[in-house]
Structures are given as structure tokens and as C-alpha cells.
Amino acid sequence: MTRIELLGVPVDVCRQENLEDEIMKILEKPGTKQIVFLSVWDLLKARNKKKDFGDCLRNADLILPVSKSILKGARFLRLDVPVRYNPFTAVIQILNTLDRHYKSLYLLGARKKTLQKAESNVRDTFHGLKIVGRYVGYFPKSAEDDVVKAIYKAAPSLVLVSEGVKEKNLWAYHRREQFSSSIFLYYRDCLGIFAGRIHRVSEKTFDSGKEIWSEVGHSPLKVFLIFPYLWYKILLLFNRFFKKDKNSEEGIYHVESLENKTSPEESKDM
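Residues numbered from 1 in each chain as written. Predicted model: local features only at pLDDT ≥ 70, side-chain atom pairs only at ≥ 80, totals over all residues. Heavy atoms only, no water.

1. Brief notes about the pairing of strand β8 (residues 183-186)
Phase 1 of the analysis: Side chains of β8 alternate between two faces, with I183 and L185 and F184 and Y186 buried alike.
Phase 2 of the analysis: Where strand β7 (residues 158-161) lies against β8, four bridges are found, and the strand directions are parallel. What sits directly across from L158, in β8, is I183.
Phase 3 of the analysis: Taking the sense of rotation as the criterion, the β-α-β connection linking β7, helix α8 (residues 169-174) and β8 turns out right-handed. (Buried < 20%, exposed > 50% of the residue type's maximum accessible area, 1.4 Å probe, protein only. Helix = DSSP H or I, 4+ residues; strand = E, 2+ residues; numbered from the N terminus. Pairing = 2+ DSSP bridges. Right-handed = clockwise from strand over helix to strand, strands pointing away.)

Rendered as C-alpha cells:
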């Protein structure tokens, strides 16, 4: 796996066939870990230096792009082109990995009925995966300490975070010192899909990159996302034609430094 920077934002290049190995490597790391699904809108948000989402990404253990525009942007800037992941399909792959290795899971988010149904369906599907706890979303601030303590005591391999957790990816990042050794993964619709309450986007629609139109159908105001998308295109053009490639400059400098550096033995010969 390699990590590139697209418009100053980290993105991982992780092939589908390597995902299981990467998940197991992340599990072996100490402390709180995080996997992030990155959309083009998230990428633009991460460029805002006044917000800490960029820091969250730089600290994440795995950043998987979900927008076709990210792949096109990387190709346009002549970077390694990452692999695009369908969030729900990726969650299934990750749960299958945990299931094969008899790991544990904690479910956080959604309303009570949705959470219960999702838990039941996950148990029926992944027989080797141990569900060590669950907590509903939309919990009041006063209950947050209880949620954190429950996750800390359960010490699950993965905490699947869904709707009803206000800070989304930042919830785990802001509290990373309060957990033991879990991976946190936020995907808003995950528990709703598991419960059968939300219909996931078809593979055909996702592969064509047209999933935004189904989102606009549910929330018409999202049509205004065209403006940040145009800004993204402008940033790509600026970076391609006007901005110097710092990585290339550093690489040239590093090579020149090594060429000019002589060992003590070479100095004696001279």
C-alpha cells in the first residue's frame, strides 16, 4: 500500500486483493486506529486548515476513496491512481476478514429498532464475528462518558459507527486517547442498510459514478454541490500547470546530496 497526496490531502492506494492483509496489519498496531472513506467533498473539507479534519486524515491508518473524481484528479496530476471503494461493499469485506479471524465488533449509531435489527442480521451473516456491544446513536452529551467507557471495556477489534453520531469521523479522532486498541470506521448508512431500512446504491450506479443523483433525489439541495465540484476542478488545473512539484524537487535534492556525499574511504583515496 502506498499513500499519495492529492491537493495536499492524503489518499491511500490499496488494491482490493491487499485489503485483508492491510486490515490485519492495522489490527496489530497498538492504540486507537481509524479507517476513513474519503469523498471528494471530504477532500475539499480537509484542505481547510482551520478545521481538524485534515489532521484526522493524516493520522488515519487507511484512507479509501469513494468518489470517482478523486481517481480522475490523481490521474490528471500524474500521481499513482488509487482504487475506488464502494463503502458498503468495503464494510462487508472488512467484516468478512474479521469473521475469518474470529475478531470482535461493536455497533454504534442509529435508532433502537434499526440497531437491534442490524445486530440480528450481522449475527446471522457473520458466525465467527463476536458482537461485544452496541449503543444507539443520537445520544445526549450526558451519556457520552458511558459510551466511551463501554467501548473501552469491550475493547472490540472494530467499532462500526453509523448515523446519529454528530462528529462522524471526528468522534473517534477527538477521543482517541480514551480507547484501548480498536479500529473505528464511520459509514453513515451502514446500520440502516443492514437493518433493511435504507436501500443501498446499486453496483451499476456506483461503478458509473452516478450515485450523487440518487442523493440529490433524497435531498434536492445537494444539487448545489456543483459549485464545490467546479472549485475542485479549478484546484486541479492550478496544481497541474502552475504549482511546482515539491516531491520531485525533494527527490532531486536527495539524489544530488547522496551523489555529492563521499565516504571516509573515498576521501583517503582522494
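Let's pick the thread back up.
2. Topic: the pattern of salt bridges
Phase 1 of the analysis: Taken as a whole and judged by the stated rule, the model has 13 salt bridges.
Phase 2 of the analysis: In this structure, D61 and K29 form a salt bridge, with 3.1 Å as the shortest nitrogen-oxygen distance. Within this pair, whereas D61 is found in the loop between α3 (53-59) and β4 (62-65), its partner K29 is found in the loop between α1 (19-28) and β3 (33-38), the two being separated by 32 residues in sequence.
Phase 3 of the analysis: The buried category is assigned to D61, whose relative accessible area is 14%.
Phase 4 of the analysis: Note that D55 and R58 form a salt bridge whose closest N and O atoms lie 3.1 Å from each other. Here the residue D55 and the residue R58 both occupy positions in helix α3, the gap between them amounting to three residues, near one helical turn. (Salt bridge = Lys/Arg side-chain N within 4 Å of Asp/Glu carboxyl O.)

3. A look at a nonpolar patch on the surface
Phase 1 of the analysis: A grouping of L237, F238, F241 and F242 is seen on the molecular surface, where their side chains present a nonpolar patch of about 470 Å² in accessible area.
Phase 2 of the analysis: Assignment of secondary structure puts F242 in the loop between α12 (226-241) and α13 (246-260).
Phase 3 of the analysis: Taking the relative accessible area as the measure of exposure, F242 reaches 64% and is therefore exposed. (Patch = residues over 30% accessible without salt bridge, like charges linked within 9 Å, V, L, I, M, F, W, Y side chains within 5 Å. Areas by Shrake-Rupley, 256 points an atom, 1.4 Å probe, with all protein chains shown as cover.)

4. Some thoughts on the sheet that holds β8
Phase 1 of the analysis: One open sheet accounts for six strands, arranged β4-β3-β8-β7-β5-β6; its pairing is parallel. Taken across any chain shown, the strands that pair with only one partner, and hence form the sheet edges, are β4 and β6 (130-135). Strand-to-strand twist across the sheet, computed as the mean angle between neighbouring axes with direction ignored, equals 20°.
Phase 2 of the analysis: Inspection of the sheet shows strand β5 (residues 104-108) paired to β7 by four bridges, in the parallel sense. When the bridges of β7 are listed, Y106 appears paired with V159.
Phase 3 of the analysis: Strands in contact with α1 are β3, β4 and β8; relative to β4, the strand with the most contacts, it is inclined by about 150°. (Axes fitted to C-alpha atoms, helices over the stretch in contact; angles between N-to-C directions. Contact = heavy atoms within 4.5 Å.)

5. Describing the packing of aromatic side chains
The description of an aromatic ring pair uses the distance of the two centres, along with the angle that the planes make with each other.
Phase 1 of the analysis: A complete count under the given rule lists ten aromatic pairs for this structure.
Phase 2 of the analysis: Note on F139 and W171: the rings are 6.5 Å apart at their centroids and 70° apart in plane angle, and the pair reads as edge-to-face. Here F139, found in the loop between β6 and α7 (144-154), pairs with W171, found in helix α8; they are 32 residues apart in sequence, far enough to count as distant.
Phase 3 of the analysis: Aromatic ring contacts, followed pair by pair, group Y135, F139, W171, F179 and F184 into a single cluster. (Phe/Tyr/Trp six-rings, centres within 6.5 Å; stacked < 30°, edge-to-face > 60°.)

6. Observations concerning a positive patch on the surface
Phase 1 of the analysis: On the surface, a cluster of positive charge is made up of K68, K72, R75, K204, K210 and K233.
Phase 2 of the analysis: Take the positive patch: its biggest share by element is three residues, from helix α4 (residues 68-76).
Phase 3 of the analysis: Here K210 is to be found in the loop between α10 (203-207) and α11 (211-218). (Lys, Arg positive; Asp, Glu negative; His and termini not counted. Charge placed at Lys NZ, Arg CZ, Asp CG, Glu CD.)

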